[in-house]
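The residues making up each chain are set out below.
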Amino acid sequence: DFSPGNYEVSRSIRKQNVSPSLTTYYKKPLLLHQGHMQWLFDYEGKRYLDLFAGIVTVSVGHCHPKVTAAAQKQLGRLWHTTNIYMHPSIQEYAEKLTALLPDPLKVVYLTNSGSEANDLAMFMARLYTRNFDIICFRGGYHGGSPYTQGLTSIGSYKHGVANGFGCPTTMLPDVFRGPWGGSHCRDSPVQTVRKCRCSGGLLMARNVVAISTPFLCSCHTGHCHANNQYIEQFKDTLNTCVPKGIAGFIAEPIQGVNGAVQYPKSFLKEAFQLVRERGGVCIVDEVQTGFGRTGSHFWGFQTHDIVPDIVTMAKGIGNGFPMAAVVTTREIANSLAQNLHFNTFGGNPVACVVGSAVLDAILEDGLQKNSEEVGTYMLFELAKARDKFEIVGDVRGKGLMIGIEMVKDKDGRQPLPIEEIGQIWEDCKDMGVLIGKGGIYGQTFRIKPPMCITKKDADFALEVFHAALMRHMERKAAT
Ligand code: PMP
């Protein structure tokens, strides 16, 4: 019985019998009872605006009626076929999903988690190219399985045992924290133009908010000099860390766990070309950025004007139902078809109807457009907070994939101490707004709500965030 009075009982059972690796958010973790669209309710009946969507997983809304109805109907009919018998749901879903992807991305594999999807993508890249090394960004998270742990490059997820061989990391072209800047040429409605250090530090006005104005780098080259520097680093990795032939390169369109980190706009396009010149395939991890979240496009890779060879997706694909997918080309798929490849639960009828209902809900509820409108509104409002508060170092992202990087001060850009960030975060929770955290120093707030959030909700969240920052200032003034 998990009635409100039994909060402590529930907590102690969890402590004794559930994986100790599962950390819970907040000093007093929430004991949730139910969810509805962008709202969560705890056992005491308190309502929270969910700005983190179960780590960017609830795409169309908690218990979205259409998705719930589809699942319930299928649960009463047939749960499982292991795909040794045909069931219309998988064909229907594969057709619907691939219609949303450009050529030649037309072959779907269904798995049960993002780690499994990335495992499969790595396996495919290696089989197809007959090469081994897969380059990945420092700061990326691509999964927790032994294979994908090699790609995951955030210290707190590394366990110090041998795993994931053949995954050389390359410098993250992080335009806020990286040595050359370049935040003026990332693809975000808000820009923090700061000192460009690439040619002796010519200065542009800091904290200028640019509305779709393509800022040129202050180094007078006419294009982003910072990008050129990051690309040089990428070439350096190719020349020094990998043999002549590589299996591939994997990247997220915007890094998720690392705190909505964006790259200079043309970085991925140029990097893809370099990878392909060396015989590698390009993998895009859309686990967080896919399904309309970036607003302007359905897939994050489209915002970079690239077409990958393999795309992986999870989380939002099922609105919280455990399912994931890999989509690739016929040619790459054929290399895996030389032998049997099997997944017991991948593509089960319940997952397929859920996935299908999620796609319908995104289209019917206009959620991509909503992500763009509400996300852009939030970005501009948050940029005002950035200009007001010295500790808000950077506001970035696209659509409803937003990062707010907290610093001690804007010039030094040292991460705000974790206890201070934690208190702001707790205060937001106490005022009814749940936000996420990320970044290798835990320094970035992440706002990635269910895509059904409204402008009114955004106003409430912004008010709460502002109040939490004011409280922080008051605490600081008092010490
Ligand atoms: N890729 C990305 C970008 C992710 O954020 C995650 C999960 N945080 C994964 C892959 C792994 O997904 P899963 O937890 O479903 O294995």
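Residues numbered from 1 in each chain as written. Predicted model: local features only at pLDDT ≥ 70, side-chain atom pairs only at ≥ 80, totals over all residues.

- Per an unreviewed UniProt entry, the protein is named Alanine--glyoxylate aminotransferase 2, mitochondrial, and its organism is Crocodylus porosus.
- Word for word, the UniProt comment on the protein under Subcellular location (unreviewed entry) is "Mitochondrion".
- Taken directly from UniProt, the Cofactor (unreviewed entry) text for the protein runs: "pyridoxal 5'-phosphate". (UniProt positions renumbered as here; feature names shortened; annotations may be inferred.)

**Section: the overall build of the protein**
Then, in step 1: Helix and strand counts for the protein stand at 12 helices and 15 strands.
Then, in step 2: Taken against the 2.2 N^0.38 rule, which gives 23 Å for 479 residues, the C-alpha radius of gyration of the protein at 22 Å falls within 12% of a compact globule.
Then, in step 3: Referenced to the eigenvectors of the C-alpha coordinate spread, the extents of the protein come out at roughly 65 × 65 × 45 Å.
Then, in step 4: Counting every position in the protein, which comprises 479 residues, the buried fraction comes to 51%. (Helix = DSSP H or I, 4+ residues; strand = E, 2+ residues; numbered from the N terminus. Rg over C-alpha atoms; globule rule 2.2 N^0.38 Å. Buried ≥ 20, exposed ≤ 12 C-beta atoms within 10 Å, placed from the backbone.)

**Digging into the site of the ligand**
Then, in step 1: Lining the immediate surroundings of the ligand are 15 residues, of which Ser-113, Gly-114, Ser-115, Gly-143 and Val-287 lie closest.
Then, in step 2: It is helix 5 (residues 114-129) that provides the largest number of residues to the shell around the ligand, a total of three residues.
Then, in step 3: Within the shell around the ligand, the residues separate by chemical class into five nonpolar, eight polar and two charged. (Near = placed C-beta within 6 Å. Nonpolar A, V, L, I, M, F, W, Y, C, P; charged D, E, K, R; others polar.)

**Re the sheet that holds strand 1 (residues 32-36)**
Then, in step 1: Here we have four strands laid out as an open sheet, ordered 1-2-3-13, and mixed in their pairing. For this open sheet the edge positions go to strand 1 and strand 13 (433-434), each flanked by a neighbour on one side alone.
Then, in step 2: Taken together, the two bridges between strand 3 (residues 47-50) and strand 13 define a ladder with parallel strand orientation. Across the sheet, residue Leu-49 finds its bridge partner in strand 13, namely Val-433. (Pairing = 2+ DSSP bridges.)

**Comments concerning the packing of helix 4 (residues 88-99) against helix 9 (residues 349-364)**
Then, in step 1: Between helix 4 and helix 9, the shortest axis-to-axis distance is 8 Å and the interhelical angle comes to 35 degrees. Crossing angle aside, the handedness with which helix 4 passes helix 9 is left-handed. Contacts between helix 4 and helix 9 involve Ser-89, Ile-90, Glu-92, Tyr-93, Lys-96 and Leu-97 from the first element and Pro-349, Cys-352, Val-353, Gly-355, Ser-356 and Leu-359 from the second. (Axes fitted to C-alpha atoms, helices over the stretch in contact; angles between N-to-C directions. Left-handed = near helix turned anticlockwise from the far one by under 90°. Contact = placed C-beta atoms within 7 Å.)

**Brief notes about the nonpolar core**
Then, in step 1: Within the largest apolar cluster, 120 residues are counted, with the highest numbers of intra-cluster contacts made by Ala-125, Ile-134 and Ala-325.
Then, in step 2: With 10 residues, the top contributor of residues to this core is helix 9.
Then, in step 3: Counting contributing residues per domain, this core is built from domain 1 (18-27 + 35-56 + 375-478) and domain 2 (72-364), each supplying no fewer than three.
Then, in step 4: Ile-134 has contacts with Met-122, Ala-125, Leu-151, Gly-166, Cys-167, Ala-247, Gly-248, Phe-249 and Ile-250, leaving out every residue within four places of it along the chain. (Core = buried A, V, L, I, M, F, W, Y, C linked by C-beta atoms within 7 Å. Domains from an automatic or database assignment.)

**What about the sheet that holds strand 9 (residues 310-313)?**
Then, in step 1: Overall, mixed pairing links the seven strands, which are arranged 4-10-9-8-7-5-6 in an open sheet. Edge positions in the sheet fall to strand 4 (107-111) and strand 6 (169-170), since each of these pairs with one other strand and no more.
Then, in step 2: The strands touched by helix 7 (residues 267-277) within the sheet are strand 7 (248-251) and strand 8 (281-285), with strand 7 carrying the most contacts at an inclination of about 160 degrees.

**A short note on the domain arrangement of the protein**
Then, in step 1: Assigned domains within the protein: domain 1 (18-27 + 35-56 + 375-478) and domain 2 (72-364).
Then, in step 2: With 28 residues of domain 1 at the contact, the number on the domain 2 side is 31 residues.
Then, in step 3: Mapped by element, the contributors of at least two residues to the side of domain 1 that touches domain 2 are helix 2 (53-56), helix 10 (367-388), strand 11 (392-398), strand 12 (401-406) and strand 15 (444-447).
Then, in step 4: Residues of the side of domain 1 that touches domain 2, tallied by class, amount to 10 nonpolar, nine polar and nine charged.

**Digging into helix 9**
Then, in step 1: Taking 1.5 Å of rise per residue, 16 residues should cover 22 Å, and helix 9 covers 22 Å from first to last C-alpha, within 8% of that figure.
Then, in step 2: Across the 16 residues of helix 9, 13 count as buried, placing the element largely inside the fold.
Then, in step 3: Once helix 9 finishes, Gly-366 follows within two positions and takes phi at roughly 65 degrees, a positive value. (Expected span 1.5 Å × (residues − 1).)

**Some remarks on the pairing of strand 7**
Then, in step 1: Where burial is concerned, the two faces of strand 7 agree: the one with Gly-248 and Ile-250 and the one with Phe-249 and Ala-251 are both buried.
Then, in step 2: Pairing analysis gives three bridges linking strand 5 (residues 134-137) to strand 7, with the strands arranged parallel. Bridge pairing in strand 7 links Ile-135 to Phe-249.
Then, in step 3: For strand 7 and strand 8, the ladder comprises four bridges, and the chain directions are parallel. Bridge assignment links Ile-250 to a residue of strand 8, and that residue is Ile-283.

**Section: the environment of Tyr-128**
Then, in step 1: Counting through the fold element by element, Tyr-128 comes out in helix 5.
Then, in step 2: Under the C-beta neighbour-count criterion, Tyr-128 is labelled buried, with 23 such atoms within 10 Å.
Then, in step 3: When the C-alpha atoms of Tyr-128 and Ala-333 are compared, they prove to be 8.4 Å apart, with 205 residues separating the residues in sequence.
Then, in step 4: Excluding residues within four positions of it along the chain, Tyr-128 makes contact with Val-281, Ile-332 and Ser-335.

**Focus on unusual backbone geometry**
Peptide bonds are, in most cases, trans, and in most cases residues other than glycine have a negative phi.
Then, in step 1: A cis amide bond links Asp-103 to the next residue, Pro-104, at an omega of 0 degrees.
Then, in step 2: Relative to the helices and strands, Pro-104 is located in the loop between helix 4 and strand 4.
Then, in step 3: Positive phi, close to 50 degrees, is recorded for Ala-53, a residue that is not glycine.
Then, in step 4: Topologically, Ala-53 is positioned in helix 2.
Then, in step 5: When the 31 C-beta atoms within 10 Å are taken as the criterion, Ala-53 is described as buried.
Then, in step 6: Of note, Ile-55 is a non-glycine position whose phi angle comes to about 60 degrees, a positive value.
Then, in step 7: Along the polypeptide, Ile-55 turns up in helix 2.

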